[in-house]
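# Observations on the three-dimensional arrangement
Chain by chain, the residues:
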Amino acid sequence: GFADPGALVTLLARTRETALAEIEASSQGLARVRPGSHTHAQSLERVGVAYLRTGLFEAAIKPLEDARAIWAKRGDSLLRTGPTVALAEVRGALGQDAQAKALLDEALMVRQSSPKNAVLPEGDVHLVRGLLAIDRGETADAHTELGLALSLSGWDSRADLTRRVLAEAGRTRLALAANQT
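Before going into details, it helps to say that this report is about the structure given with it. Nothing here was measured: the structure is a model prediction, and the numbers come from that model.

Now for the packing of helix α6 (residues 122-136) against helix α7 (residues 139-151). The N-to-C vectors of α6 and α7 enclose an angle of 155°; their axes lie 7 Å apart at closest approach. As summarised for this structure, α6 and α7 are arranged roughly antiparallel, according to the angle between their axes. By crossing handedness, the relation of α6 to α7 is classed as left-handed. Where α6 abuts α7, its residues G123, H126, L127, R129, G130, L131, A133 and I134 lie against D141, A142, E145, L146, L148 and A149. Looking at the contact of α6 with α7 residue by residue, the class counts come to 8 nonpolar, 3 polar and 3 charged.

Moving on, we come to the packing of aromatic side chains. Across all of its chains, the model carries 0 aromatic pairs by this definition. Just above the ring of W155 sits the side chain of R164; from NZ or CZ to the centre is 3.8 Å.

Here L56 lies in the loop between α2 (38-53) and α3 (57-74). Along the sequence, L56 and V90 sit 34 residues apart, while their C-alpha atoms lie 9.0 Å from each other.

Cut-offs applied
Residues numbered from 1 in each chain as written. Predicted model: local features only at pLDDT ≥ 70, side-chain atom pairs only at ≥ 80, totals over all residues. Heavy atoms only, no water. Axes fitted to C-alpha atoms, helices over the stretch in contact; angles between N-to-C directions. Helix = DSSP H or I, 4+ residues; strand = E, 2+ residues; numbered from the N terminus. Parallel < 35°, antiparallel > 145°, perpendicular 65-115°, else oblique. Left-handed = near helix turned anticlockwise from the far one by under 90°. Contact = heavy atoms within 4.5 Å. Nonpolar A, V, L, I, M, F, W, Y, C, P; charged D, E, K, R; others polar. Phe/Tyr/Trp six-rings, centres within 6.5 Å; stacked < 30°, edge-to-face > 60°. Lys NZ or Arg CZ within 6 Å of the ring centre and 35° of its normal.

So, in structure tokens, the structure goes:
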């Protein structure tokens, strides 16, 4: 272990910064070599999601919006829902609930009209809607959305299992909150 806990915190922060810098550099390279391409849009989404997951919400907005713009220009509404759902998470984290809801509604409409075996499942949208509803204190909506996320999740893929864990964690938060009142 580390004798100095401060050294561990410094190392972890430096590692995060290095990882983010590497993801950004990769995306910038694709922007130069293959601007507007499938891989460029995917790299922008990865940058935005990396910022989202590390709590850098403001920084996540531009790459996610840029990825959405590329998918729109390429006419791929289904792949556009990936950065759309991530951007909705960002907007929700920033307290911009109306924008988050509009983005999730847009993504849900596209995913519901897509084949059920699509790479980007409808359950992901319901999960984010449910988790954001918990944050807003909308208990009934949260229960409904988390239930839909679970009902639309199988048991075969890592993505389904991850969605299940997150939905159940949301349900646990709801149960704990109900017992505290």
